[in-house]
Amino acid sequence: SLAMELPPSHFPAARAAAVAVGYLRYLRGGPGRGLELREVRRARRQDIDDVGHKYYLELELEDVLDKDRTVNCTAEVLYHLGSKSSAPDVQVTVQGELRSTEEADKEFYNRIRSLEKELVAENIPDSHGNVPPELEPIHLLAWVASGYVIWQNSTENTKFHLAQVKHVKQVKRSDEDLQFDYVLLLHEMVSQEVLPWEVAVLWHPRRGARVSRCHGPGAGN
Amino acid sequence: LQVDLWQPSSPLHIAEGTAADVRVPRNATRSLLPYLRQANIQYTILISDLQQAIENQTGGRSHRNRRSLSGYNYEVYHSLEEIEDWMHYLNRTYSDLVHMFSVGKSYEGRPLYVLKLGKRSRPYKKAVWIDCGIHAREWIGPAFCQWFMKEALETYQTDPAMRKMLTQLYFYIMPVFNVDGYHFSWTNDRFWRKTRSKNMRFHCHGVDANRNWKVKWCDEGASLHPCDDTYCGPFPESEPEVKAVAHFLRKHRKQIKAYLSFHAYAQMLLYPYSYKYATIPNFNCVESAAYNAVNALQSAYGVRYRYGPASSTLYVSSGSSMDWAYKNGIPYAFAFELRDTGHFGFLLPETLIKPTCTETMLAVKNITLHLLKKCH
């Protein structure tokens, strides 16, 4: 069937956009880059028989560390029919170049590698919204991890956001990757639940981030 | 033993026959004084309690406790006790404009305070109801209610719009609706949402105070399970907080022309219905009020709010205070979802209290002035 136009201000478009942004954060985010959704410019939906619902989105984003610039992207989000166990298929195309984070990444990598004791932190932000500046890269890396969780667990009836980093513990590795084991609190808008997810993230300045382990409340991932 | 040398400026200048002034912690005097006596050094105690001397100088207790409007910090989050003290202070100090009263008691026995704000200019005036903190973890809500009071009291003499508002209307402001939950979010669980009523069968506490109103109660968008965050309760108005406010609003339904409820987060201005997809009878008036309010808000810092019926803009939910207020005959019923859109979510930094409240004031003033014109 044909794709029908959706009002960008209504929740179906907003939910699909959140999935696309989560996916993009996982792919392109890092300790030096946090992407935020500014606005849904356009949204269409196509109901594909025996497959599912496919959303076509035009999104306006920003890099939280470079707010004056606008990042435009297009995305496709396919929610599979009836299945609760299958993640949506997502494709995102960013127009233009994202600001380079090579220097910041290197600096973060070297700083963590040179720590005598493994990094441990909790409650980021704290109850009053504060994030100590030296923990901001850890906060942004949590955004990458939460992007994975959001992408993997979203349906048309959910909208997830990272509420807080409850706990993070660095795990020293023998290879070149940094590993951080996070306990993330995710807020789901529709049910209003705030629930913990345990996510282990590997990160390397050139290779980017990978979730190596992910365990949610109830069923695992 | 270490001493803090106040005079002379350096130990090098200490000499026989000259005076030296030192400060020590109270418990250090036990070793210092015998030592001086032993060394045959004469001493006089100039200040026996330094802390007290400092407090006397700055005119009373710490900054936070100072009883002045300009002394209360509106750019930090305040505990329930601090907010109650502040309300008492306003009640005493601005008795010509502010009257504090209680509409009932919470589940845990706390008073449910409301501030009636406005000039006693005529016997009968229309009114606006504003509540904040129906959901405990949405701290920016109560922060806004406090900000609103401050702005009203500070500017009603100099700002013609505020003077008009306080002369022609009364405002009923409830800075913290869900007092038990708010307290719990400070002491136990920052992400608590519901009330703190105990459930007989399950080990879970609390009811979603915005699913407990008697309007299509516990239909779509609410849960019958007591452990869920959108639990509608065992029956409508089961929560004493909801029952008390509903009773007050019913009693004053002829007088109250606008109902505004403050929540977070999503950056939205919502109007009925939440429980169904349908257009309200006075859609034209309400929609244009929302449109103008959102534009006024945006004029402050460029922050964009979405607006529309709650069911299509946010989600379908039943038993909400906004829908109930509207059903009860209040022509303008709005729910604000304040900043932000998820980056900090419930944990909005204190540095963002001022811009959030500043822009929201513009929206609220805009709606109020719209209300005073003829469009219902």
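Under an unreviewed UniProt entry, chain B has the name CBPA6 Carboxypeptidase and belongs to Sylvietta virens. The Cofactor (unreviewed entry) comment attached to chain B in UniProt states, word for word, "Zn(2+)".

As annotated in an unreviewed UniProt entry, chain A carries the name LXN protein and comes from Sylvietta virens.

Q: Lay out the overall build of chain A with the relevant residues and their values.
A: What chain A contains, in helices and strands, is three helices and 10 strands. Listing each helix as α and each strand as β along chain A from the N terminus yields β-α-β-β-β-β-α-β-α-β-β-β-β. Computed over C-alpha atoms, the radius of gyration of chain A comes to 18 Å, within 12% of the 17 Å expected from 2.2 N^0.38 for 221 residues, which places it in the range of a compact globule. Projected onto the principal axes, the alpha-carbon positions of chain A cover approximately 60 × 40 × 35 Å. Counting all 221 residues of chain A, 52% fall into the buried class. For chain A, contacts bridging at least 24 residues in sequence account for 57% of all contacts bridging at least 6. With the model as given, the accessible surface of chain A reaches about 10,500 Å², and the carbon-plus-sulfur share is 47%. The distance from the centre of the 27 positive side-chain charges to the centre of the 33 negative ones in chain A is 2 Å.

Q: Tell me about helix H5 (residues 160–168) of chain B, and please be specific about residues and values.
A: It helps to recall that an α-helix has 3.6 residues per turn; residues three or four apart then point in one direction. All names here are of chain B. Every buried residue of H5 is accounted for by Met162, Met165 and Leu166. Down the axis of H5, the smallest arc covering the buried residues is 90°, so these residues share one side. Backbone nitrogen of Ala161 and a side-chain oxygen of the N-cap are separated by 3.2 Å at the start of H5; the cap is Asp159.

Q: Which residues make up the pairing of strand S10 (residues 208–215) of chain A, and what values go with them?
A: Residue and element names in this part refer to chain A. Looking at chain direction, strand S9 (residues 194–204) and S10 are connected through seven bridges and run antiparallel. Opposite Val199, over in S10, you have Cys214 as the bridge partner. The hairpin turn running from S9 into S10, its antiparallel successor, is three residues long.

Q: Break down the UniProt feature "active site" (unreviewed entry) in chain B for me, with residues and values.
A: Residues and elements named next belong to chain B. Per the UniProt entry, the sites bearing "active site" (unreviewed entry) are Glu337 in this numbering. For Glu337, the location among the structural elements is in strand S10 (residues 332–338). We classify Glu337 as buried; its relative accessible area is 10%. Residue contacts for Glu337: discarding those within four places in its chain leaves His263, Ala264, Tyr265, Ala266, Gln267, Met268, Leu270, Tyr305 and Leu314.

Q: For the domain arrangement of chain A, give the residues involved together with the corresponding values.
A: How big an interface is tends to be expressed through the accessible area that disappears when the partners come together. All names here are of chain A. Domain parsing of chain A yields domain 1 (4–95) and domain 2 (101–215). One C-alpha centre belongs to domain 1, the other to domain 2; they are set 21 Å apart. On the domain 2 side, the residues contacting the 24 residues of domain 1 number 24 residues. Across the domain 1/domain 2 interface, buried area totals approximately 2,200 Å², and carbon plus sulfur atoms make up 66% of it. For domain 1, the biggest contributors to the area lost against domain 2 are Arg15, Tyr26 and Pro31; these three give 37% of the whole. Counting the contacts that link domain 1 with domain 2 gives zero salt bridges. One can count five residue pairs in polar contact (both at pLDDT 80 or more) joining domain 1 with domain 2.

Q: Summarise the packing of aromatic side chains; cite the residues concerned and give the values.
A: Note on aromatic pairs: each is described by the distance of the centres and the angle between the planes. Summed over all chains, the structure comprises 36 aromatic pairs over all chains. Here Tyr182 of chain B and Trp186 of chain B contribute two aromatic rings whose centre-to-centre distance is 6.3 Å and whose plane-to-plane angle is 55°, an arrangement assigned as tilted. Here Tyr182 of chain B and its partner Trp186 of chain B are both found in helix H6 (residues 179–187), four residues apart, which amounts to about one turn of the helix. The exposure class assigned to Trp186 of chain B is partly exposed, which follows from its relative accessible area of 29%. Relative to Phe283 of chain B, the ring of Tyr271 of chain B lies with its centre 6.3 Å away and its plane at 65°, an arrangement referred to as edge-to-face. Of this pair, Tyr271 of chain B sits in strand S8 (residues 268–271) while Phe283 of chain B is found in helix H8 (residues 283–301), placing the two residues 12 residues apart along the sequence. For Tyr271 of chain B, a relative accessible area of 2% corresponds to the buried category. An aromatic cluster of three or more residues is present, and its members are Phe108, Tyr109, Phe180, Tyr182 and Trp203 of chain A. The aromatic ring of Trp139 of chain B is capped on one face by Arg190 of chain B, whose charged end is 3.6 Å from the ring centroid. The ring of Phe184 of chain B is capped by Arg196 of chain B, whose NZ or CZ atom sits 3.6 Å from the centre of that ring.

Q: Go over a nonpolar patch on the surface, please, and point to the residues and values.
A: A cluster of nonpolar side chains, namely Leu1, Val3 and Val22 of chain B, defines an oily patch on the protein surface of about 270 Å² accessible area. The exposure class of Val3 of chain B is partly exposed, given its relative accessible area of 41%.

Q: If you had to explain the sheet that holds strand S2 (residues 35–48) of chain A to someone new, which residues and values would you point to?
A: Residue and element names in this part refer to chain A. If you trace the five strands from one edge of the open sheet to the other, you get S1-S2-S3-S4-S5, paired in antiparallel fashion. A strand with exactly one partner marks an edge of an open sheet, and here the two such strands are strand S1 (4–6) and strand S5 (89–94). Shown here is a sheet whose adjacent strand axes are inclined to one another by a mean of 20°, direction ignored. Bridge count between strand S4 (residues 66–80) and S5: six bridges; the pairing is antiparallel. Paired with Thr74 across the bridge in S5 is Thr93.

Q: Account for the packing of helix H1 (residues 11–28) of chain A against helix H3 (residues 136–153) of chain A, naming residues and giving values.
A: Residues and elements named next belong to chain A. Taken N-terminus to C-terminus, the directions of H1 and H3 make an angle of 135°; their axes are 7 Å apart at the nearest point. Judged on the interaxial angle alone, H3 and H1 are oblique. At the point where H1 passes H3, the crossing takes the left-handed sense. On H3, the residues that touch Ala18, Val19, Gly22, Tyr23, Arg25 and Tyr26 of H1 are Trp143, Val144, Gly147, Tyr148, Ile150 and Trp151.

Definitions and cut-offs
Residues numbered from 1 in each chain as written. Chains lettered and ligands numbered in written order. Predicted model: local features only at pLDDT ≥ 70, side-chain atom pairs only at ≥ 80, totals over all residues. Heavy atoms only, no water. UniProt positions renumbered as here; feature names shortened; annotations may be inferred. Helix = DSSP H or I, 4+ residues; strand = E, 2+ residues; numbered from the N terminus. Rg over C-alpha atoms; globule rule 2.2 N^0.38 Å. Buried < 20%, exposed > 50% of the residue type's maximum accessible area, 1.4 Å probe, protein only. Contact = heavy atoms within 4.5 Å. Areas by Shrake-Rupley, 256 points an atom, 1.4 Å probe, with all protein chains shown as cover. Lys, Arg positive; Asp, Glu negative; His and termini not counted. Charge placed at Lys NZ, Arg CZ, Asp CG, Glu CD. Arc of directions from axis to C-beta. Polar contact = N/O pair within 3.5 Å; in protein donor to acceptor, adjacent residues only side chain to side chain. Pairing = 2+ DSSP bridges. Domains from an automatic or database assignment. Buried area = accessible area lost by both parts, 1.4 Å probe. Salt bridge = Lys/Arg side-chain N within 4 Å of Asp/Glu carboxyl O. Phe/Tyr/Trp six-rings, centres within 6.5 Å; stacked < 30°, edge-to-face > 60°. Lys NZ or Arg CZ within 6 Å of the ring centre and 35° of its normal. Patch = residues over 30% accessible without salt bridge, like charges linked within 9 Å, V, L, I, M, F, W, Y side chains within 5 Å. Axes fitted to C-alpha atoms, helices over the stretch in contact; angles between N-to-C directions. Parallel < 35°, antiparallel > 145°, perpendicular 65-115°, else oblique. Left-handed = near helix turned anticlockwise from the far one by under 90°.

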